[in-house]
Amino acid sequence: MELQEIYTHTKETMNKSIEAMKKEFSTLRSGKVSIAILDSIRIDYYDTPTPLNQVGSVIAQDASTIVITPWEKNLLKDIERTIQEANIGVNPNNDGETIKLFFPPMTSEQRKEIAKEAKNIGEKAKVAIRNIRKDSNDKVKKLEKDKAISEDEAKRGQEEIQKFTDEAVKKIDELVKHKEEELLKI
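What counts and what doesn't
Residues numbered from 1 in each chain as written. Predicted model: local features only at pLDDT ≥ 70, side-chain atom pairs only at ≥ 80, totals over all residues. Heavy atoms only, no water. Pairing = 2+ DSSP bridges. Helix = DSSP H or I, 4+ residues; strand = E, 2+ residues; numbered from the N terminus. Axes fitted to C-alpha atoms, helices over the stretch in contact; angles between N-to-C directions. Contact = heavy atoms within 4.5 Å. Buried < 20%, exposed > 50% of the residue type's maximum accessible area, 1.4 Å probe, protein only. Phe/Tyr/Trp six-rings, centres within 6.5 Å; stacked < 30°, edge-to-face > 60°. Salt bridge = Lys/Arg side-chain N within 4 Å of Asp/Glu carboxyl O. UniProt positions renumbered as here; feature names shortened; annotations may be inferred.

On to the sheet that holds strand E5 (residues 92-94), then. Strand order in the open sheet made by the four strands is E3-E4-E6-E5, with antiparallel pairing throughout. Two strands in the sheet have a free side with no partner beyond their single neighbour: strand E3 (56-62) and E5. The average undirected angle you get between the axes of adjacent strands in this sheet is 25°. As paired strands, E5 and strand E6 (residues 99-102) are joined by three bridges and run antiparallel to one another. Pairing of Asn94 across the sheet is with Ile99, part of E6. Where helix H2 (residues 76-86) meets the sheet, it contacts strand E4 (65-70), E5 and E6, and its direction lies at approximately 165° from that of E5.

What follows is the structure, encoded as structure tokens:
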């Protein structure tokens, strides 16, 4: 492995960590309801755990309502039961055709709690970034130890990796700040 490969791998894995954090953010409830809150829910569809959006249409009707219209009416009861068991903070309303989820407006206390959760997700992402930096620096040190690169090249390599780390941490901080503002805005 040479320095350029280490740089490429470092950037890619750091970007993946940031993407994972964004995906985790999408499951947090903000002022308006997002269908991503249902991403982890699986329906037993012919003995196969299947995501909700693959057994019916899932749409955010307005800022506080999600409507689920299954493609097979016999799934209504299963969907309703699974949502109740998932404990997402609302009870499903089954009208025989669709299931509606009415999310009450969030209290400022809930908003602060979720903003705290967003901060924790950001911290976890930063730890992942620092671990990637450590792995990459270890690879650079190994190249130097194996005499594949000079001491100066190793120093430059570690400085470059630190630049990637700083950029990634800055990006995470910006995303967390943006998410907190979105959550605390009424």
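Turning our attention to the environment of Lys73. One can find Lys73 in the loop between E4 and H2. A residue is classified by how much of its surface remains accessible, and Lys73, at 41% relative accessible area, is partly exposed. Along the primary structure Lys73 and Gly96 are separated by 23 residues, whereas in three dimensions their C-alpha atoms are 7.8 Å apart. When residues no more than four places from it in sequence are discounted, the contact partners of Lys73 are Gly96 and Glu97.

The subject of this paragraph is the packing of aromatic side chains. The full count for this structure, using the stated rule, is two aromatic pairs. Look at Tyr7 and Phe164: their rings are 5.7 Å apart centre to centre, the planes differ by 80°, and that puts the pair in the edge-to-face class. Taken as a pair, Tyr7 in helix H1 (residues 3-26) and Phe164 in helix H4 (residues 151-184) lie far apart in primary sequence, 157 residues in all. Among the residues examined, Tyr7 registers a relative accessible area of 13% and is labelled buried. Between the aromatic rings of Tyr45 and Tyr46, the centroid separation amounts to 4.7 Å while the plane-to-plane angle is 70°, which identifies the pairing as edge-to-face. Judged by its relative accessible area of 24%, Tyr45 is partly exposed. For Tyr46, a relative accessible area of 61% gives the class exposed.

A side chain of one charge can pair with a side chain of the opposite charge if their charged atoms are brought near each other. Tallied over the full model, the rule gives 16 salt bridges. Where Arg81 meets Asp78, a salt bridge forms, and the shortest distance between an N and an O atom there is 3.2 Å. One end of the pair is Arg81 and the other is Asp78, both in helix H2 and three residues apart, which spans about a single turn. The closest approach of N and O atoms between Lys116 and Glu113, which form a salt bridge, is 3.9 Å. Of the two residues, Lys116 and Glu113 are both situated in helix H3 (residues 108-145); the distance of three residues between them amounts to about one turn of the helix. One salt-bridge network, in which partners are shared between bridges, spans Asp78, Arg81 and Glu85.

This next bit is on the pairing of E3. Relative to E4, E3 is paired through six bridges, and the arrangement is antiparallel. Its bridge partner lying in E4, Asp62 is registered against Thr65. Hairpin connection, E3 to E4: the antiparallel pair is bridged by two residues.

For the rest of this paragraph, the subject is the UniProt feature "coiled-coil region" (unreviewed entry) in the protein chain. Under the UniProt annotation, "coiled-coil region" (unreviewed entry) lies at residues 133-181. Taken end to end, residues 133-181 comprises 90% helix and 0% strand; its first and last C-alpha atoms sit 29 Å apart.

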